[in-house]
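What follows is the residue order along each chain.
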Amino acid sequence: MMKPFLSIKNLTVSLKSSKEPLLRSVSLDLAAGNVLGLVGESGAGKSMIGKAILGILPQAVEITAGEIWLNDQELLRKPAKERRKFIGASTALIPQDPLTALNPSRRIGPQITERLVDILDWKKDAALARALELLNEVQIPDPERVMHSYPHEISGGMRQRILIASAFAANPKLIIADEPTTALDVTVQKQILHLIADLQARHQTSLLFVTHDLGVVSKVCQHLSVLYAGKVIEASEIRDFFKNPKHPYSRALLAATPKYNDPASSLTPVPEEVIAEVEAEIFAPRTECSHVN
Amino acid sequence: MSLFPTIFLRLLTTLITLFGVAVIIFVIIRVVPGNPIAMMLPPGATDADIQRLQALYGFDKSILEQFLIWISDVVRGDFGTSISLRQPVLNLVLERLPATLELSIIALILAVAIGLTLAITGTRLRGSRFESLIDMTNGIALSLPDFLWALLLILLFGVLWPLFHISGRISPALDLPFTSQFYLFESLLRLRLDLSLDLLSHMFMPALAMAIPLAAIIGQLLKQSLKETMHLDYVTLSRTKGYSENHVIIREALPNAILPTLTLIGVQFTFLIGGTVIIERLFSYEGLGNMAIDAVINRDLPLIQGIVILFALIFTLVNLIVDMSYALLNPRLRHA
Ligand SMILES: Nc1ncnc2c1ncn2[C@@H]1O[C@H](COP(=O)(O)OP(=O)(O)OP(=O)(O)O)[C@@H](O)[C@H]1O
Ligand SMILES: [Mg+2]
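Since we're looking at a predicted model, the values are computed, not measured.

Before going further, it helps to examine the overall build of chain B. Scanning chain B from terminus to terminus reveals 14 helices and 0 strands. Seen in sequence order, chain B has helices and strands lined up from the N terminus as α-α-α-α-α-α-α-α-α-α-α-α-α-α. Considering only C-alpha atoms, chain B reaches an extent of 85 × 55 × 40 Å along its principal axes. Intrachain contacts of chain B at a sequence separation of at least 6 include 71% that bridge at least 24 residues.

Structure, rendered in structure tokens:
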């Protein structure tokens, strides 16, 4: 593997109040220009990883240990202001819900160009040209009109295209896509997926792709990390994973992925031993306490 | 454009409202005890004198007759003559109106500035120990009405530490070059900043007294809606672009969070203008409110009527402006 562009080392994120960890010593690597899939069931902590990288963790949680390396710079030790600018200049987020991710009272245009002008010090004209170029790339008809529109005048699928254009506009080194198609109509999901994969390949962007759809992962990603209850339980290359999943949970996950052409396949529950293994660890402190008593 | 019929409808309702106010005030001040003529005549006047003057002002006619005469004059722009000041009501009222408008607007600006600061600071501090400090400040500001704040300010900054003027509109010793009654506005236009400063330092205490409770209301409501808005996806997205917390609050969250506050400011601004009646009295500020109290004391019926109609007109205009700016700020309403 090439030298990783994004490298997370032993990241632990916990609730401030109860100190309960939501991410347990998570490590993952993403090489420049590669796509890393991040899968796991709901509540596993997939979004939390993305938020930790982008510095937008909810107020109720905090990072208690670990390092996040981006392009040979450690983010968490940077002063807040410098980190903010660095993240803004080198990363972008493709959000889950295009309907809520655009400011309803501002026109589309400035929402695409503002980062270029304010954070990256581009000239206004250059930023405008770049925004139009990207809107063309994501196949938005009549981009000039769209730039002058308000979000409510644009359909959901179009808005996701706009957000994708906006994410790629600043030439970020890393894009985090957090379930970018789940909020969309099934008919547009595929197009949006192709679009992201296409742009990623063309711009050679590193992409952290959060999803719980293994089918999607198999199409876009080179590597994949499986998350369960805040722990990475498997990190593999895609081919190895589908041929020979190492962890029992991964096998269950694979078995649970519906195969549309195989009506005989049914849902498989999470194997008992996986639950036991993870729970043994989660409840270990309490178990110890109960032994003391 | 759908705005035009809306405005027409609003103007119509405004006229109906004003007519209603005119009827009510006209009847009320004639039903309550107190004879304006008796009050203006010296103690030795005979009943015959009183009768004669009553007839002169038309007070011997029935209330309905009096009203019809008055309203037909008003439609022609004649609001009658003040009994106590013996001048046309319209002139008197228009002469005092600018002073009250300037005071109210300064108070509003103060209230919005303080309220915004409280809301934004509170939003920045959300979740920390210091957030409750902002809530406490709001609570204290709301615990007293404007006229009690006025008394407190007079005691503190007029008596104990005499830092500000607590009486009048402008220092009497100054030469006034003004051609209008909008002293502050005119002094700014003429670049006579010395006069502007003197006017502002007279206005500061009364305006602050009126502003404090409104600032707290603005601060409370706006902080609440800002905090809710801060969780929304587009705010988070803007944060990932590298923008500072202040920028995110002011440019992304504020325009969407401020709409309910704006409506509230509109309603509260009319209360604030109503507050000038007592506040101007307390600070001997030569405005409409101060004149209103004199008019009531003297049972100066034509003057009371004129002042009330003018206040009602201002109130409905303020509401109209608020509704229109609401539509302007919200693109979804504008295109509907
Ligand atoms: N604002 C918050 N405050 C406290 N806990 C939170 C908050 N947001 C998420 N969590 C908790 O953090 C854990 C991980 O949540 P996260 O959103 O990362 O899950 P996810 O893997 O992205 O799930 P999904 O597939 O549903 O998006 C969950 O247990 C969740 O309850
Ligand atoms: Mg998620």
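The next thing to look at is the sheet that holds strand 8 (residues 206-210) of chain A. Residue and element names in this part refer to chain A. With mixed pairing, 6 strands are arranged side by side in an open sheet as 6-7-8-3-9-10. Two strands close off the open sheet at either side, each with one partner strand: strand 6 (91-94) and strand 10 (231-237). Averaged over all adjacent pairs, the angle separating strand axes in this sheet is 15°, with direction ignored. Strand direction decides the pairing type here: strand 7 (residues 174-178) and strand 8, joined by 5 bridges, are parallel. Residue Ala-177 lies in a different strand from strand 8, and its bridge partner there is Phe-209. Across the sheet, helix 1 (residues 46-54) lies against strand 3 (35-39), strand 6, strand 7, strand 8 and strand 9 (223-228), angled at about 145° from strand 7, the strand it touches most.

Here we come to the interface of chain A and chain B. With 26 residues of chain A at the interface, the matching set in chain B holds 21 residues. If you sort the residues of chain A by the area they bury against chain B, Ile-56, Arg-84 and Pro-104 of chain A come out on top, with a joint share of 21%. The interface formed by chain A and chain B includes 4 salt bridges. Between Arg-106 of chain A and Glu-252 of chain B there is a salt bridge, and its shortest N-O distance comes to 2.5 Å. Along the contact surface separating chain A from chain B lie 15 residue pairs in polar contact (both at pLDDT 80 or more). Those elements that provide at least two residues to the side of chain A that touches chain B are helix 2 (80-90), helix 3 (108-119) and helix 6 (156-169) of chain A. Counting residues per element, the side of chain A that touches chain B draws most heavily on helix 3 of chain A, at 5 residues.

All names here are of chain A. The phi angle at Asp-121 is positive, at roughly 60°, despite the residue not being glycine. Structurally, the position occupied by Asp-121 is in the loop between helix 3 and helix 4 (124-137). Judged by its relative accessible area of 64%, Asp-121 is exposed. Even without glycine at this site, Gln-139 takes up a positive phi of about 60°. Its location among the elements puts Gln-139 in the loop between helix 4 and helix 5 (143-148).

Our focus in this paragraph is the UniProt feature "domain: ABC transmembrane type-1" (unreviewed entry) in chain B. Feature annotation in UniProt places "domain: ABC transmembrane type-1" (unreviewed entry) on residues 97-326 of chain B, given in this structure's numbering. With 79% helix and 0% strand, the stretch residues 97-326 of chain B has end C-alpha atoms that lie 26 Å from each other.

Another aspect to go through is the site of ligand 1. All names here are of chain A. Taken together, 14 residues form the shell around ligand 1, and within it Ser-42, Gly-43, Lys-46, Ser-47 and Met-48 come nearest. Here an oxygen atom of ligand 1 and a side-chain polar atom of Ser-42 are 2.4 Å apart. Within the complex, the protein chains bury 65% of what would otherwise be the 630 Å² of accessible surface of ligand 1. The dominant element in the shell around ligand 1, judged by the number of residues it contributes, is helix 1, at 3 residues. Looking at the shell around ligand 1 residue by residue, the classes come out as 6 nonpolar, 5 polar and 3 charged.

Let us look at the domain arrangement of chain B. Residue and element names in this part refer to chain B. The domain boundaries assigned to chain B delineate domain 1 (3-75) and domain 2 (95-334). A straight line from the C-alpha centre of domain 1 to that of domain 2 covers 32 Å. Taken together, the contact between domain 1 and domain 2 spans 17 residues of the former and 15 residues of the latter. Of the roughly 1600 Å² buried between domain 1 and domain 2, counting both surfaces, carbon and sulfur atoms make up 77%. It is Arg-10, Leu-18 and Ile-29 that lose the most area in domain 1 upon contact with domain 2, and together they represent 32% of the buried surface on that side. There are 0 salt bridges connecting domain 1 and domain 2. Between the two partners, domain 1 and domain 2, sit 1 residue pair in polar contact (both at pLDDT 80 or more).

Moving on, we get to the UniProt feature "transmembrane region" (unreviewed entry) in chain B. Residues and elements named next belong to chain B. Per the UniProt record, "transmembrane region" (unreviewed entry) is found at residues 7-32, 103-125, 146-164, 199-222, 257-283 and 303-329. The distance from the first to the last C-alpha atom of residues 103-125 is 33 Å, and the span holds 96% helix and 0% strand. When the span residues 257-283 is considered, its composition is 96% helix and 0% strand, and the gap between its end C-alpha atoms is 36 Å.

All names here are of chain A. In this model, chain A carries a mean pLDDT of 87, and residues with pLDDT of at least 70 account for 87%. Strand 6 holds the highest mean pLDDT among the elements of chain A, 96, whereas helix 12 (residues 284-292) holds the lowest, 49. Counting contacts from residues 260-265, a segment whose pLDDT is below 50, to residues more than four positions away or on other chains yields 1 contact. Considering only residues more than four positions removed or in separate chains, one finds that residues 287-293, a stretch of pLDDT under 50, has 0 contacts.

Below, the discussion takes up the pattern of salt bridges. Tallied over the full model, the rule gives 25 salt bridges over all chains. Linking Glu-62 of chain A and Lys-19 of chain A is a salt bridge whose minimum nitrogen-to-oxygen distance equals 3.7 Å. Of this pair, Glu-62 of chain A sits in strand 4 (residues 61-70) while Lys-19 of chain A sits in the loop between strand 1 (4-15) and strand 2 (21-31), placing them 43 residues apart in sequence. Note on Lys-19 of chain A: relative accessible area 53%, which makes it exposed. Asp-294 of chain B is paired through a salt bridge with Arg-281 of chain B; the nearest N and O atoms lie 3.1 Å apart. Of this pair, Asp-294 of chain B sits in helix 12 (residues 288-297) while Arg-281 of chain B is found in helix 11 (residues 245-282), placing the two residues 13 residues apart along the sequence. Residue class for Asp-294 of chain B comes out partly exposed when judged on its relative accessible area of 35%. Taken together, the shared-partner salt bridges connect Arg-106, Glu-114 and Asp-118 of chain A together with Lys-241, Arg-251 and Glu-252 of chain B into one network.

All right, on to the environment of Thr-46 of chain B then. With respect to the element layout, Thr-46 of chain B can be found in the loop between helix 2 (36-40) and helix 3 (47-57). As for Thr-46 of chain B and Asn-246 of chain B, which are separated by 200 residues in sequence, their C-alpha atoms are 73 Å apart.

Another point: the sheet that holds strand 1 of chain A. With antiparallel pairing, the 4 strands of this open sheet are ordered in space as 2-1-4-5 (chain A). Each having just a single partner strand, strand 2 and strand 5 (73-74) of chain A make up the two edges of the open sheet.

Calculation criteria
- Residues numbered from 1 in each chain as written.
- Chains lettered and ligands numbered in written order.
- Predicted model: local features only at pLDDT ≥ 70, side-chain atom pairs only at ≥ 80, totals over all residues.
- Heavy atoms only, no water.
- Helix = DSSP H or I, 4+ residues; strand = E, 2+ residues; numbered from the N terminus.
- Contact = heavy atoms within 4.5 Å.
- Pairing = 2+ DSSP bridges.
- Axes fitted to C-alpha atoms, helices over the stretch in contact; angles between N-to-C directions.
- Buried area = accessible area lost by both parts, 1.4 Å probe.
- Salt bridge = Lys/Arg side-chain N within 4 Å of Asp/Glu carboxyl O.
- Polar contact = N/O pair within 3.5 Å; in protein donor to acceptor, adjacent residues only side chain to side chain.
- Buried < 20%, exposed > 50% of the residue type's maximum accessible area, 1.4 Å probe, protein only.
- UniProt positions renumbered as here; feature names shortened; annotations may be inferred.
- Near = heavy atom within 4 Å.
- Areas by Shrake-Rupley, 256 points an atom, 1.4 Å probe, with all protein chains shown as cover.
- Nonpolar A, V, L, I, M, F, W, Y, C, P; charged D, E, K, R; others polar.
- Domains from an automatic or database assignment.
- pLDDT = per-residue confidence, 0-100.

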